[in-house]
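# Structure assessment
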Amino acid sequence: LVENIVQALSRDILREILFELHDESYHPIMLVHDEAVMEEVIGWGSLDRVLEAMSRDVRYTPGLPLKGAGFEKRFYFKD
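Residues numbered from 1 in each chain as written. Predicted model: local features only at pLDDT ≥ 70, side-chain atom pairs only at ≥ 80, totals over all residues. Heavy atoms only, no water.

## A look at helix α1 (residues 2-23)
To be explicit about the condition: Helix numbering and strand numbering both begin at the N terminus, where a helix is a DSSP run of H or I of at least 4 residues and a strand a DSSP run of E of at least 2. The span one expects for a helix is its residue count, reduced by one, times 1.5 Å. A simple rule labels every residue: compare its accessible area, found with a 1.4 Å probe on the protein chains alone, to the largest value its type can have, and call it buried under 20%, exposed over 50%, or partly exposed in between. Here, two residues are considered to be in contact whenever any of their heavy atoms come within 4.5 Å of each other.
With 22 residues, α1 extends 32 Å from end C-alpha to end C-alpha; this agrees with the ideal 32 Å at 1.5 Å per step. Within α1, burial applies to Ile13, Leu14, Glu16, Ile17, Leu18 and Leu21. The secondary structure elements touched by the buried residues of α1 are β1 (27-32), β2 (35-39) and α2 (47-54).

## Here we look at α2
The criterion, for reference: Think of it as the arc spanned by the lines of direction from the helix axis to the C-beta atoms. N or O atoms within 3.5 Å of each other form a polar contact, as long as, within protein, one can give a hydrogen and the other can take it, and as long as residues adjacent in sequence are counted only when both atoms are side-chain atoms.
Taken together, the buried positions of α2 are Val50, Ala53 and Met54. Along α2, the residues classed as buried sweep out an arc of 100° about the axis, all on the same side. Packed against the buried residues of α2 are α1 and β2. At the N-terminal end of α2, a side-chain oxygen is found 3.2 Å from the backbone nitrogen of Asp48, two or three residues along, and the residue is Ser46.

## Focus on the nonpolar core
Selection criterion: The set of buried Ala, Val, Leu, Ile, Met, Phe, Trp, Tyr and Cys residues whose side-chain atoms join them within 4.5 Å is what this entry labels a nonpolar core.
Membership of the largest hydrophobic core is limited to 11 residues, which are Ile13, Leu14, Ile17, Leu18, Leu21, Tyr26, Val50, Ala53, Met54, Val58 and Leu66. Elements represented by at least two residues in this core include exactly α1 and α2. The contacts of Leu18, once residues within four sequence positions are left out, are Pro28, Leu31 and Ala36.

## A short note on the pairing of β1
Every other side chain in a regular strand lies on the same face of the sheet, so the side chains alternate between the two faces. Defined as follows: A pair of strands is labelled paired if DSSP reports no fewer than 2 bridges between them.
Inspection of the sheet shows β1 paired to β2 by 5 bridges, in the antiparallel sense. Within the sheet, the bridge partner assigned to His27 lies in β2 and is Glu39. Taking the residues between adjacent antiparallel strands as the criterion, β1 and β2 are bridged by 2 residues, where His33 takes a positive phi near 55°.

## Notes on unusual backbone geometry
The backbone phi angle of Ser25 is positive, close to 75°, even though this residue is not glycine. Mapped onto the elements of the fold, Ser25 is located in the loop between α1 and β1. On the basis of relative accessibility, which here comes to 41%, the residue Ser25 falls in the partly exposed class.

What follows is the structure, encoded as structure tokens:
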């Protein structure tokens, strides 16, 4: 039961962050479990901006420590 609650909350937090990134002109195109894959124009975006957005408070979980990790590649692969 606890695992389901944690997974559901994690999904809701990721959803909020992806909406914020979309509003900042990033384009999430795919989710793979807990990973977001985004498309960008080469040279336009910044991984640092994405990671900063992923560490911001979500309105209904203030103070919850959030952090993301990422990498940039021209194609998707599982790290």
